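Structure assessment
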Amino acid sequence: MSRRHPIIAVTGSSGAGTTTTGQIFSRLFAAEGIHAAMVSGDSFHRYNREQMARLAAKGQFGERNHFALAANHIDKLEALFYDYCHTGNGQSRQYVHDEDRTLIASGHKPGTFTPWESLPADTDLLFYEGLHGGVVSDSFNTAQYVDLLIGVVPIVNLEWIQKIHRDTFKRGYSQDAVVTTIINRMDDYVHDIVPQFSHTHINFQRIPLVDTSNPFVAREVPTDDESMIVIHFRDPLDVDFPYLLQMIAGSSVSRHDTLVIPGTKLSLAMDLIMRPMVQKLMQQKPFA
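To start, this report covers the structure provided alongside it. (Residues numbered from 1 in each chain as written. Predicted model: local features only at pLDDT ≥ 70, side-chain atom pairs only at ≥ 80, totals over all residues. Heavy atoms only, no water.)

Remarks on the overall build of the chain
Along the backbone of the chain there are 9 helices and 10 strands. Taken against the 2.2 N^0.38 rule, which gives 19 Å for 288 residues, the C-alpha radius of gyration of the chain at 19 Å falls within 12% of a compact globule. Summarising its shape, the C-alpha atoms of the chain cover approximately 55 × 50 × 40 Å along the three principal directions. The buried share among the 288 residues of the chain stands at 48%. Considering only contacts within the chain whose residues lie at least 6 apart along the sequence, 72% involve residues at least 24 apart. As presented, the chain carries roughly 14100 Å² of accessible surface, and 51% of it is formed by carbon and sulfur atoms. Across the chain, the mean location of the 25 positive side-chain charges is 4 Å away from that of the 32 negative side-chain charges. (Helix = DSSP H or I, 4+ residues; strand = E, 2+ residues; numbered from the N terminus. Rg over C-alpha atoms; globule rule 2.2 N^0.38 Å. Buried < 20%, exposed > 50% of the residue type's maximum accessible area, 1.4 Å probe, protein only. Contact = heavy atoms within 4.5 Å. Areas by Shrake-Rupley, 256 points an atom, 1.4 Å probe, with all protein chains shown as cover. Lys, Arg positive; Asp, Glu negative; His and termini not counted. Charge placed at Lys NZ, Arg CZ, Asp CG, Glu CD.)

See the structure below:
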């Protein structure tokens, strides 16, 4: 599975938990002394914030809909993965978020991009977190270059609850506007996001244990202790299920390839599962 320069990608829709997963990996890399090139999927959006708003006004894509492959530089993402796995380098950039104080202080406007530039030299691996790390289509195949592809996704009603809560309470949008966005991007979600979870090595799916039957009237996001995490492994023969069951309190096996854990144990489970995989990737590098 490994190549000369390893690539780890976490793929999932906005609000699914990919950012939290990225933070878990950052701590893992620090503990292992791994110098990772960290790349965000936002960097490969084709349009900046103002351009997307103008396109939305014309009925194209829909405001804040970056699910569609056509709204992203998938060609540049695939080129980055190809270049990195062969050379250990490649071209990327950063999307400037409202909270990116350092980039804003250096003169970059929120909602825009920094210039394309080479990744830092001499990194140990590439870590991608975003929407399209596992795309396989007639035109693109980013998944073929990824040594460890991880899907992070809640069931769809929970995903909608999380998005409505985040965009209304934290970003100031009206609920009607958020629901319209959900509807407008559903086709792209079904065709461009969901199929990626069939190409992943591991999927983490959050399942709420409370009623989410009508996500559009829910006022609270189910908490971690009101959820379970379903973890599916593509290659279950490589997984030490007895060890994980012993180490993760309250865990169980629902199928030969599926582990179920309490929602509060996600960080622990990811560390127990991912750390040996990352260590193996590093050991398989010819210059390790």
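Additional details are given in the paragraphs that follow.
Considering unusual backbone geometry
In most cases, non-glycine residues show a negative phi, while peptide bonds are predominantly trans. For D122, which is not glycine, the phi dihedral falls at a positive 60 degrees. For D122, a relative accessible area of 70% corresponds to the exposed category.

Some thoughts on helix α3 (residues 74-87)
Here α3 contains 14 residues, and its C-alpha end-to-end distance of 19 Å stays within 8% of the 20 Å for a straight helix at 1.5 Å per residue. All of the buried residues in α3 are I74, L77, E78, L80, F81, Y84 and C85. Seen from one end, α3 has its buried residues packed into an arc of 155 degrees, which puts them on one side. Of the surrounding secondary structure, the elements contacted by the buried residues of α3 are β1 (7-11), β2 (36-40), β3 (91-92) and β5 (125-130). Residue G88 follows α3 closely and has a positive phi angle near 80 degrees. (Expected span 1.5 Å × (residues − 1). Arc of directions from axis to C-beta.)

With respect to the environment of D124
Position of D124 relative to the elements: it lies in the loop between β4 (117-118) and β5. For D124, the residues in contact, after removing those within four places along its chain, are P6, G33, I34, H35, Y84, M282 and K285.

As for the nonpolar core
Among the nonpolar cores identified, the biggest contains 32 residues, and I8, F29 and I231 are the most heavily contacted of them. At 8 residues, helix α9 (residues 266-284) tops the list of elements feeding residues into this core. Once residues lying within four places of it in the same chain are set aside, the contact partners of I8 are F25, F29, L125, L126, F127, Y128, V146, L148, I150, V278 and L281. With 17 residues, the next largest nonpolar core counts L80, Y84, L119 and L126 among its residues. (Core = buried A, V, L, I, M, F, W, Y, C linked by side-chain atoms within 4.5 Å.)

Points about the packing of aromatic side chains
Overall, the coordinates contain 10 aromatic pairs when judged by the stated rule. Plain terms: the ring middles of F81 and Y128 are 5.7 Å apart, the flat faces sit at 85 degrees to each other, and that makes the pair edge-to-face. Remark: Y128 occurs in strand β5 and F81 occurs in helix α3; sequence separation between them is 47 residues. Using a relative accessible area of 0% as the deciding quantity, one classes F81 as buried. Given a relative accessible area of 1%, Y128 falls into the buried group. (Phe/Tyr/Trp six-rings, centres within 6.5 Å; stacked < 30°, edge-to-face > 60°.)

Some remarks on empty space enclosed by the protein
In total, this model carries 1 cavity of 30 Å³ or more according to the counting rule given. Looking at the largest cavity, its volume works out to about 50 Å³. Of all the secondary-structure elements, those providing two or more residues to the lining of the largest cavity are α5 (156-169) and α7 (186-193). Considering each element in turn, the lining of the largest cavity owes the most residues, 3 residues, to α5. In the lining of the largest cavity, the residues fall into 5 nonpolar, no polar and 3 charged. (1 Å grid on protein atoms, 1.4 Å probe; cavity = no way out; pocket = protein on both sides within 12 Å on 5 of 7 lines; lining within 4 Å. Points joined across faces, edges and corners; volume = space filled by probe spheres on them. Nonpolar A, V, L, I, M, F, W, Y, C, P; charged D, E, K, R; others polar.)

Overview of the sheet that holds strand β10 (residues 258-262)
Taken in spatial order, the 8 strands make up an open sheet running β2-β5-β1-β6-β7-β8-β10-β9, and their pairing is mixed. Strands with a single pairing partner mark the edges of an open sheet, and in this sheet they are β2 and β9 (252-255). Geometrically, the sheet is characterised by an average inter-axis angle of 20 degrees between neighbouring strands, direction not taken into account. Docked against the sheet, α3 engages β1, β2 and β5, running at close to 160 degrees with respect to β5. Along the sheet, α9 makes contact with β1, β5, β6 (148-154), β7 (202-208), β8 (227-233) and β10, crossing β7 at roughly 175 degrees. (Pairing = 2+ DSSP bridges. Axes fitted to C-alpha atoms, helices over the stretch in contact; angles between N-to-C directions.)

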